[in-house]
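Results of the structural survey
Residues per chain are reported as follows:
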Amino acid sequence: MAVDHQQTPAAAAAPGEAAAGSASRRHLRRRRGRSGWAPVMFLGPFGVLFVLFFLLPIGYAIYESFLKVRVSGLGLGPNSTVTVFAGLSNYARVFSDSSFLSGVGRVLLFGVVQIPVMLIFAIVLALLLDSITVRFKRFFRLAFFLPYGIPGVIAALLWSFLYLPGLSPIVAALHDTGFGTVNFLGVNSVLWSIANIVTWEYTGYNMLIIYAGLQAIPADLYDAGRLDGASEWKMATRIKLPLVAGSLVLTAIFSIIGTLQLFSEPQVLREITSNISSSYTPNLFSYTQAFADNNPNYAAAIAVVLAIGTFILSFGFLRLVQRRWAGA
Amino acid sequence: MSSSIRSTSRVRRRDRRLLAIIAAAAALALAACSSGGSSPAASSGKVTLTFWSWVPGISQSVNLWNKSHPDIHVNLDETTSGVAGTYAKMYSALQAGNAPDLGQIEYATLPNFEHVGGLVDLSQYGADNIKQDFVPWTWGQVTQSGAVYAIPQDTGPMGLFYRADLFKKYGLSVPTTWAEFLSDAKKVHAAHPNVYITAFPSNDPQWFSGLAWQAGARWFSTSGDTWVTGIDDPASQQVASFWQQLISDHLVKIDVDFTAGWYKDLSDGTLLTWPTAVWGENTLVTNAASTKGDWRVAPMPNWGATPSNGNWGGSTTVVFKDSKHPAQAAQFAEWLNTNQQSITGLITQGGLYPADLAGEQQPAANSPVAFYGGQNIWQVFEAGGKLVNTTFQWGPIMSTTFTQMQDGFGTATSGSSTLTQVLASTQSQTINSMKQQGFSVKPG
């Protein structure tokens, strides 16, 4: 309250003071405001947070990645463990570490299968929603999008109960209908069980991006199509899909990046199956190094390599899209 | 219109990905600079200590101390369990030089903290004088080349929990040797294909290490200035090939322990036994409540004529190097684990089985338990605790070793390797990891 009282007169005085100023002074203020303070005011909050929570942590991670712990003898007692400059040796280790490489291979395989499946689902759902014959459009739009609103960890927990033999109604139902005992958590099946969770979570989100693209197509194109006697199928394949191609490339490339960073689903399912190793995905590997093996330096190197890989993909995508738009 | 929607969604989507990267980077950075720290002495000469622990209800013992020791105040910081993040936080705090005065650390993790130079040698504060208060094997765990790095708090001597009702129903006798355990396994599974003698926890190297410990394994020892690593020594190989046979012949169920599915198997009679530590008592009471009165506890089956035992779990109280009042902190650590009133609190509130010999005689840890049909199960564990091999030692990078073994168990239970191969690979991986960090190490 006391603070309020002090501030009120000052706040009230400000407009009055501005009104009393001469025209030239006002002009000056506006000019100074435009060139000096306004950008700072607008960018300030972003800039501070950007530095604090983006540049600093990344800088620190890069710094840590060039260090390593050097032990001598038994490693017991004072001075037997020192942190030394490691040069690029952590990075050399990342690229020759079979755990890391097999994790990368696994997520790439995952992406090659899961992303097309998810995007085809997303396209079909978006086209269905966009076609005029569908009723309860708003309901379905929300229903398809809903899984995305559930945090990834919660979704993985929910699905883990649907996968766990002895508890899962799905496993029980498959067994009762003569499919035998299906193991969703087996050494070969668990990757696709994770893919199922990811698809369930993100199909609606990707659908919404594509749907937004479809909504933005001018109606006269459809009128022209109808006048030419195009069927709904032809309209979808000849008008709609080409015009949302940009959205499709977008959803695809970001799905690839998301796949590279796969973490929470395998981490949660790891609690109920031993077929997900501690280095199952690159992110999980980094996490294990940092928080189980107390090796933050190596974990930082893994994280930096992953980040660089992600940036290369992002900028590669940007160039690809820009070329497309420039060509169009 | 269309392109503006595209670019907005691009930015939003991109931000989300960036946020994920930021969060990961921030997590790494924050972990490295998390706060803690010991408080400086108050002006009156009163000393304040900080204590990180995750034992439920340990505040009762801390309050008791604060009432009886007005000059040394202990601030309890209740944390999550060590593996759930507190160890990572402790390592970071030690690196940053602001670790608390006192902390909770499990036996297996002690050498790891000794190795990062984080612990105060308590022998200079009279810790050696209370050696005879504790179960013998625990003292071997907290000492290293003459230094005492921790005060034992609780232990996990092992025993065989078994379904007395089902043993009777299936006409089985309680196994006293592992050979009898195997014949029981064959007998019951042949007659009842959906019933197993027990489950092999495919995710749990710590359980396995308790069994190897019983068989006389020596995973780590020191010879002069060199670690001797013997994860695939003959005793461990014996245990591994025994369980591999049970797995290959489908005589045990492959489960992930402490999960809903495993609790169900323990409740519905799928599993007849659980070889585990004393604290498993509470696991069954809580998660297999419907089996009240059906379970009993027998001593662990043995490998030969000489009975021996292993230990699974248990922890200690340590003083961190950053403490400004190590003498007072040591005094508290000793009191916490030897004062009988304090121990009563640890038993009744925390569900701990004390490492203190007098504590084991307290009624709370030495009375019949209704859930176990009125059996005084504690006597089995008291006797079992005295049989625990005193030479077993943990290594300096145990969390890495456990991770490597756990990854290996996954391949063994899915059929692409065997438990004996897993021991060999864990042995070589652990030695590699140690060499990479500069340890002097050789296979033993």
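The notes below deal with the structure included here. These figures come from a predicted structure and were not determined experimentally.

What counts and what doesn't
- Residues numbered from 1 in each chain as written.
- Chains lettered and ligands numbered in written order.
- Predicted model: local features only at pLDDT ≥ 70, side-chain atom pairs only at ≥ 80, totals over all residues.
- Heavy atoms only, no water.
- Helix = DSSP H or I, 4+ residues; strand = E, 2+ residues; numbered from the N terminus.
- Rg over C-alpha atoms; globule rule 2.2 N^0.38 Å.
- Buried < 20%, exposed > 50% of the residue type's maximum accessible area, 1.4 Å probe, protein only.
- Contact = heavy atoms within 4.5 Å.
- Areas by Shrake-Rupley, 256 points an atom, 1.4 Å probe, with all protein chains shown as cover.
- Lys, Arg positive; Asp, Glu negative; His and termini not counted.
- Charge placed at Lys NZ, Arg CZ, Asp CG, Glu CD.
- Expected span 1.5 Å × (residues − 1).
- Arc of directions from axis to C-beta.
- Core = buried A, V, L, I, M, F, W, Y, C linked by side-chain atoms within 4.5 Å.
- Pairing = 2+ DSSP bridges.
- Axes fitted to C-alpha atoms, helices over the stretch in contact; angles between N-to-C directions.
- Patch = residues over 30% accessible without salt bridge, like charges linked within 9 Å, V, L, I, M, F, W, Y side chains within 5 Å.
- Salt bridge = Lys/Arg side-chain N within 4 Å of Asp/Glu carboxyl O.
- Phe/Tyr/Trp six-rings, centres within 6.5 Å; stacked < 30°, edge-to-face > 60°.

1. A word on the overall build of chain B
Helices and strands together make up the secondary structure of chain B, namely 16 helices and 15 strands. For a compact globule of 444 residues, the expected C-alpha radius of gyration is about 22 Å, and chain B comes in at 24 Å, within 12% of that figure. Across its three principal directions, the C-alpha atoms of chain B cover 75 × 70 × 50 Å. The burial tally for chain B puts 58% of its 444 residues in the buried class. Of the contacts formed within chain B by residues at least 6 apart in sequence, a portion of 75% connects residues at least 24 apart. Split by element, the accessible area of chain B, about 16100 Å² in all, is 53% carbon and sulfur. Across chain B, the centroid of the 26 positively charged side chains sits 12 Å from that of the 31 negatively charged ones.

2. Structural notes on helix 7 (residues 178-191) of chain B
All names here are of chain B. For helix 7, built from 14 residues, the straight-helix expectation of 20 Å at 1.5 Å per residue is met to within 8% by its first-to-last C-alpha distance of 20 Å. When we look at burial in helix 7, the residues that qualify are Trp 178, Phe 181, Leu 182, Asp 184, Ala 185, Val 188 and His 189. Seen end-on, helix 7 carries its buried residues on one side only, within an arc spanning 160°. Set apart from the buried face of helix 7 by more than 90 degrees, the exposed residues are Ala 179, Ala 190 and Ala 191. Lining the buried residues of helix 7 we find strand 7 (158-163), helix 6 (164-169), helix 8 (205-214), helix 9 (234-248) and strand 12 (273-277).

3. Remarks on the environment of B:Val441
All names here are of chain B. Assignment of secondary structure puts Val 441 in strand 15 (residues 441-443). With 213 residues separating them along the chain, Val 441 and Val 228 place their C-alpha atoms 5.9 Å apart. Once residues lying within four places of it in the same chain are set aside, the contact partners of Val 441 are Thr 226, Trp 227, Thr 229, Ile 431, Met 434 and Lys 435.

4. Focus on the nonpolar core
In terms of nonpolar packing, the biggest core is built from 132 residues, with B:Phe208, B:Trp219 and B:Trp243 touching the most fellow members. It is helix 9 of chain B that contributes the most residues to this core, seven residues altogether. The contacts of B:Phe208, once residues within four sequence positions are left out, are B:Trp219, B:Ser236, B:Val239, B:Ala240, B:Met405, B:Phe409 and B:Leu423. One finds A:Ile115, A:Ile197, A:Ile272 and A:Tyr280 within the second-largest nonpolar core, a separate group that totals 25 residues.

5. Notes on the sheet that holds strand 15 of chain B
Residues and elements named next belong to chain B. Sheet architecture is open: three strands sit in the order 9-10-15, paired in mixed fashion. Looking along the sheet, the strands with just one partner apiece sit at the ends: strand 9 (220-223) and strand 15. Direction aside, neighbouring strands of the sheet carry axes that sit 30° apart on average. Here strand 10 (residues 226-229) runs beside strand 15; their pairing, made up of three bridges, is parallel. Looking across to strand 15, one finds that Val 228 is bridged to Lys 442.

6. Here's the deal with a nonpolar patch on the surface
Taken together, the side chains of A:Val48, A:Leu49, A:Val51, A:Leu52, A:Phe53, A:Leu55 and A:Leu56 present a nonpolar region at the surface, about 630 Å² in accessible area. Note on placement: A:Phe53 falls in helix 2 (residues 23-65).

7. Let's talk about the pattern of salt bridges
Residues and elements named next belong to chain A. Across all of its chains, the model carries nine salt bridges over all chains by this definition. Its salt-bridge partner being Asp 223, residue Arg 226 comes within 3.7 Å of it at the nearest N-O pair. Taken together, the positions of Arg 226 and Asp 223, both in helix 9 (residues 219-227) and three residues apart, correspond to about one turn of that helix. On the accessibility criterion, Arg 226 (41% relative accessible area) is partly exposed. Residue classification places Asp 223 among the partly exposed positions, given a relative accessible area of 44%.

8. With respect to the packing of aromatic side chains
The geometry of an aromatic ring pair is captured by two quantities: the separation of the ring centres and the angle between the planes. Applying the stated criterion across every chain yields a total of 59 aromatic pairs over all chains. Ring geometry for A:Phe46 against A:Phe50: centres 5.3 Å apart, planes inclined by 25°, an arrangement best described as stacked. Note that A:Phe46 and A:Phe50 are positioned in helix 2 at a spacing of four residues, about one turn of the helix. The partly exposed category is assigned to A:Phe50, whose relative accessible area is 30%. Note on B:Phe392 and B:Trp394: the rings are 4.9 Å apart at their centroids and 80° apart in plane angle, and the pair reads as edge-to-face. The exposure class assigned to B:Phe392 is buried, which follows from its relative accessible area of 0%.

9. Re the sheet that holds strand 1 (residues 47-53) of chain B
Residue and element names in this part refer to chain B. Judged by pairing direction, the sheet is mixed, and its five strands sit side by side in the order 2-1-3-14-6 without closing on themselves. The sheet is open, and its two borders are formed by strand 2 (72-78) and strand 6 (151-152), each paired with just one other strand. Of the pairings in the sheet, the one linking strand 6 to strand 14 (residues 315-319) comprises two bridges and is antiparallel in character. Each residue of the ladder has a partner; that of Pro 152, found in strand 14, is Thr 316. Helix-sheet contacts for helix 2 (residues 59-68) involve strand 1 and strand 2, and the interaxial angle to strand 2 is about 165°. Along the sheet, helix 3 (residues 86-96) contacts strand 1 and strand 3 (102-106); its crossing angle with strand 3, the most-contacted strand, is approximately 130°.

10. Considering unusual backbone geometry
Trans is the prevailing form of peptide bonds, just as negative phi is the prevailing case for residues other than glycine. Positive phi, normally seen in glycine, also occurs at A:Asn294, with a value near 50°. In this fold, A:Asn294 is placed in the loop between helix 13 (282-291) and helix 14 (296-327). When its relative accessible area of 25% is taken as the criterion, A:Asn294 is described as partly exposed. Despite not being glycine, B:His250 has its phi angle at roughly 55°, a positive value. As for its position among the elements, B:His250 is in the loop between helix 9 and strand 11 (253-255). On the basis of relative accessibility, which here comes to 56%, the residue B:His250 falls in the exposed class.

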